[in-house]
Amino acid sequence: MATTNDLRQLRKKKKRKSLVKKIIIILCLVLVFFTGYITKDKWLPVFDGIVYKIQHIITKEDFSKNFPIKTGSSSEYKLYSFKDKLVLLTDTKYTVYDRDGKVARTAQHTMTSPIIKIFDERMLIYDMGGSKLMVESRSDTVFTKKFSDKIIYAKLGYNGYLAVVTSSDVNACEMTVFDSKGKKVFFSSLNQKILDITFSKNSKGCYVSTMSAKGGQFVSKQYSFNFKKDKEQWISNPVVNLVLHSALNSSGNIVLVGDVQYDVMLPSGALKYSYVYPSQLIDYEVSDNMTALILQNSQRRMTECVVFDKSDNQKSIKINGEYKKIHIHSNKIYLLCNKTLEVYSSDGKLITKKDLGEYYTDFAIIDEHMYLLGSQKIDIFKL
């Protein structure tokens, strides 16, 4: 009888252990799923990027059968690459194409002065001087915003962050920062006009380029903000240079493309390097590893591309013919001129020159394909 009771007690213990194990496993799964849900904005873009790379590896067919894409005649068309998508912006709508030329989606934007900015996994469309903006992923709309004041400027950053500069009745402008879900995380009201914004790598702060007058001249200052603090961390010395574009390079320094000179600042706000343009700046392109400036001397009829790497080493490329557009892709420089396309290495050496046979005004690059915008169509070329 004692043996029977012992066996029963042993079975009960085994059942309890088995039940405890099952409960622990279920709780662990619930914790994993809950953690995954609340952090989805951080890992979903990574997963999306992995899917994109896999699609690129397994999809090697010739896309040219769907081209050219007819666009109609307009000088307002602008072309952008958005990872594996192609975006065409007009004064009334935007159209997203798959890289094989098929329409993925199209929508009317009802904006007077539409501006598109693309960063990482997101695309921003805002109405400069208007009140509306929208943030898009490659598949749908993430969120939209409408402001009571006019939008002066907006920019995307790391981790899906967004900075919006609006007009103000009290100060020169106001800056509001939103996280990846469109939730407000920071606000600042400045008595100087904001020209450009660059987010820190972790999006815990940003660098703001401003404009003010000093001694009868326009000058720019850099402000460093931490989103957990109300006041700026530092303000740089003024520079007689209006900043057109700012960015962080792979060395962690702040690159500033201005109207009269090119500057590089350390994260502390100290000026590291300056280059005064010998002629007029007409265009530029900035990547993590290099900056390309298009300088034109109309009197000498000379145009050149001056390239700086992340260590501020300088190279010059003479441009023969009428310059149209520049892009930096995979650490190479692509120059569109008249009916030709020239590709240069980062050290300024010509890699290849392609005769296009006709005039194009803009282009975008997706992987090994180039998409060129003509007067009434989009053509495709394999690189």
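Just above, that's the structure.
Residues numbered from 1 in each chain as written. Predicted model: local features only at pLDDT ≥ 70, side-chain atom pairs only at ≥ 80, totals over all residues. Heavy atoms only, no water.

K.L.:
Would you take a moment to explain the overall build of the chain for this structure?
P.N.:
A tally of helices and strands in the chain yields two helices and 32 strands. By the burial criterion, 45% of the 383 residues in the chain qualify as buried. Here the chain has roughly 20900 Å² of accessible surface; of this, 53% comes from carbon and sulfur atoms. (Helix = DSSP H or I, 4+ residues; strand = E, 2+ residues; numbered from the N terminus. Buried < 20%, exposed > 50% of the residue type's maximum accessible area, 1.4 Å probe, protein only. Areas by Shrake-Rupley, 256 points an atom, 1.4 Å probe, with all protein chains shown as cover.)

K.L.:
How do you make sense of the environment of Thr176 when you look at a structure like this?
P.N.:
On the secondary structure map, Thr176 appears in strand β12 (residues 173–178). Take Thr176: its relative accessible area is 11%, and that puts it in the buried class. With residues up to four places along the chain from it excluded, the contact list for Thr176 reads Leu162, Ala163, Val164, Lys184, Phe186 and Phe187. (Contact = heavy atoms within 4.5 Å.)

K.L.:
Honestly, the sheet that holds strand β22 (residues 280–286) in this entry has me stumped. Any pointers?
P.N.:
Within a beta sheet, neighbouring strands are joined by backbone hydrogen bonds and run either parallel or antiparallel to one another. The sheet built from four strands is open, its strands ordered β22-β23-β24-β25 with antiparallel pairing. One side of each edge strand has no neighbouring strand; the edge strands of this open sheet are β22 and β25 (314–319). Across the sheet, the axes of successive neighbouring strands diverge by a mean angle of 20°, strand direction being ignored. In this sheet, strand β24 (residues 302–309) lies alongside strand β23 (residues 290–297) in antiparallel orientation, the contact comprising eight bridges. The residue of β24 that forms the bridge with Asn297 is Met302. (Pairing = 2+ DSSP bridges. Axes fitted to C-alpha atoms, helices over the stretch in contact; angles between N-to-C directions.)

K.L.:
Would you mind showing me how to read the pairing of strand β28 (residues 340–344) here?
P.N.:
Successive residues of a regular strand alternate their side chains across the two faces of the sheet. Taking burial as the measure, the five residues of β28 include five buried ones, the bulk of the element. Side chains of β28 alternate between two faces, with Thr340, Glu342 and Tyr344 and Leu341 and Val343 buried alike. Inspection of the sheet shows strand β27 (residues 332–337) paired to β28 by five bridges, in the antiparallel sense. Its bridge partner being in β28, Ile333 is matched across the sheet by Tyr344. The antiparallel hairpin formed by β27 and β28 contains two residues in its connecting segment, where Asn338 sits at a positive phi of about 45°. Relative to strand β29 (residues 350–355), β28 is paired through five bridges, and the arrangement is antiparallel. Looking across to β29, one finds that Glu342 is bridged to Lys353.

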